[in-house]
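Architecture at a glance
If you want the building blocks of each chain, they are given just below.
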Amino acid sequence: MIKVGTSSITGGKTSGINQDLMEQIVDVIAKLISLGHEVLLVSSGAVGLGCQKLGWSEKPIKITTKQAAASIGQISLASLYEKLFAKYNLVIGQVLLTRLGMQNRERYLSARLTLKELLSLKVVPVINENDVVADDEIKFSDNDYLAALVSELVEAERLFILTDTQGLFTADPSTDPSAKLIELIEEVTPEIEAAAGGNNQWGTGGMISKVEAAKLATSFGTTVHVLSSRNPHKVLEVLDGTRHGSTFLPRRTPIDARMAWLAYGVSSHGKLLIDTGAVKAIQGGKSLLPIGIKKVSGKFSRGHAVEVCFKDNGGQLRLVAKGIVKYSAEDLKRLLGHLSEEIEGILGYSYGNSAIHSDDLVVLDQAIDPETLLNV
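Throughout what follows, the structure given in this document is the object of discussion. (Residues numbered from 1 in each chain as written. Predicted model: local features only at pLDDT ≥ 70, side-chain atom pairs only at ≥ 80, totals over all residues. Heavy atoms only, no water.)

Some thoughts on the overall build of the protein
Formally: A helix here means a DSSP run of H or I that spans at least four residues, while a strand means a run of E at least two residues long, and both kinds are numbered starting from the N terminus. Throughout, exposure labels follow a simple rule: accessible area from a 1.4 Å probe, protein chains only, divided by the maximum for the residue type, with under 20% read as buried, over 50% as exposed, and the rest as partly exposed. Working rule for contacts: check all heavy atoms of both residues, and any pair within 4.5 Å makes them a contact. Shrake-Rupley sampling with a 1.4 Å probe provides the accessible areas, and residues are treated as covered by the protein chains on show and by no other component.
Scanning the protein from N- to C-terminus turns up 14 helices and 13 strands. Within the protein, buried positions represent 50% of all 376 residues. Residue pairs at least 24 apart in sequence account for 73% of intrachain contacts in the protein once pairs closer than 6 positions are excluded. Surface exposure of the protein reaches about 17700 Å², of which carbon and sulfur atoms provide 49%.

In structure tokens:
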């Protein structure tokens, strides 16, 4: 997977398309394919290109105006890529994805099959979010996140995120001359997340989004490299063993495909606040029972995904797991503090003894020590 951002593609708000960079990226991909690799490209830039076509110096705030700009810019983006790849006798396939489509398990699997079919046909998938129909309620947070999710879809070995910095630094190098490049990240810790920050007008994420994308992709077993987009050919050097930019190592025990979809592909409809006993139980691979739930928030129905949370010793709400509930929010509110054996007597029916069965529950933070939590 190779992902290139808006600020790299557009070269800034007034300089137009950075065609030289796009030519270099296409050349790199062509070389990778000639070496036997399968390559997918996630390319931002549609909204920025649309704004430039319309002569706008600032990115619009209104959602429908952004969508209109995307519809204009996406044509230019795809047309230019088609022309550049044709020089290498390579065919591209445009793939526009939405968060809403990825939430449906059947559509999620359909996207996987389509992408793998394109790769089997030696076609280069050029992927972007379908900004024309995506609004703030259903859109991906940014294309870094999209690239990480697609990495799981196709079981990518590596994700290269090309950006306008050399990688992740200990501080902002533009303001702190003592900032040092962090070359190897074995685990995305709170300290690593704190080191990332800042964004720009034309992109949507900044370095923090790249760190979060790396955290996500590495949980699937993908190695992530954050490199400067100024020299895309360094991708080839990295594959040959040369160290450039920042490398995030994959999780030793990746999340399986269905759990990955549940954890990151589906939007949550509510929250369950659980006690320390329930934290221990789900960390041990057990189901979440109604008696371990202390508070229910949100409006959700049976079959919806919810976040499972706890309070740390500072009283802050933290996410521990995510799962698909067997009962609605109203049902679970009636079951608070009750044993599983009492469910049918309280509701008049039963879908089983658990609020979330272990088969539909993914633990997102296995390292939490329940002894340090508030017993809510």
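Structural notes on the pattern of salt bridges
The condition that has to hold: The term salt bridge refers to a side-chain nitrogen of Lys or Arg lying within 4 Å of a carboxyl oxygen of Asp or Glu.
Counting across every chain of the model gives ten salt bridges. For Glu183, the salt bridge identified is with Arg243, shortest N-O distance 3.9 Å. Pair noted here: Glu183 is in the loop between strand S5 (158-163) and strand S6 (184-185) and Arg243 is in the loop between helix H10 (234-239) and strand S8 (246-248), with a separation of 60 residues, a long-range link. Note that Lys271 and Glu307 form a salt bridge whose closest N and O atoms lie 3.3 Å from each other. One end of the pair, Lys271, is in strand S9 (residues 270-274); the other, Glu307, is in strand S11 (residues 305-311), and 36 residues separate them in sequence.

Re the pairing of strand S12 (residues 317-324)
What counts, and what does not: Two strands qualify as a pair provided that DSSP identifies no fewer than 2 bridges between them.
For S11 and S12, the ladder comprises seven bridges, and the chain directions are antiparallel. Each residue of the ladder has a partner; that of Glu307, found in S12, is Lys322. Two elements, S12 and strand S13 (residues 361-363), share three bridges in a ladder whose sense is antiparallel. Each residue of the ladder has a partner; that of Ala321, found in S13, is Val363.

Examining the sheet that holds S9
Applied cut-off: Axes here mean lines fitted to C-alpha atoms, for a helix over just the part in contact, with angles spanning 0 to 180 degrees between N-to-C directions.
Strands sit in the order S10-S9-S11-S12-S13 across an open sheet of five strands; the sheet is mixed. With one partner strand each, in any of the chains shown, strand S10 (293-298) and S13 form the two edges of the open sheet. Each adjacent strand pair in this sheet contributes to an overall mean axis angle of 30°, direction not counted.

As for helix H2 (residues 19-34)
The condition that has to hold: In this analysis, the expected span of each helix is defined as 1.5 Å times one less than the number of residues it contains.
Taking 1.5 Å per residue, 16 residues should reach 22 Å; H2 reaches 22 Å between its end C-alpha atoms and fits that length. Burial in H2 covers these residues: Leu21, Met22, Gln24, Ile25, Val26, Asp27, Val28, Ile29, Ala30 and Leu32. Positive backbone phi, at 100°, marks Gly36, one or two positions downstream of H2.

Observations regarding unusual backbone geometry
The backbone phi angle of Lys122 is positive, close to 65°, even though this residue is not glycine. The exposed category is assigned to Lys122, whose relative accessible area is 60%. We note that Glu155 has phi near 55°; this positive angle belongs to a residue other than glycine. Relative to the helices and strands, Glu155 is located in the loop between helix H7 (143-153) and S5.

Some thoughts on a nonpolar patch on the surface
Quick reminder of the rule: For patch building, the residue pool is restricted to those with more than 30% relative accessible area and no salt bridge; the joining distance is 9 Å between like charges and 5 Å between nonpolar side chains (Val, Leu, Ile, Met, Phe, Trp, Tyr).
Residues Leu54, Trp56 and Ile72 make up a contiguous nonpolar surface patch of roughly 230 Å² in combined accessible area. If you trace the backbone, Ile72 turns up in helix H4 (residues 63-86). Look at Ile72 and you get partly exposed, because its relative accessible area is 30%.

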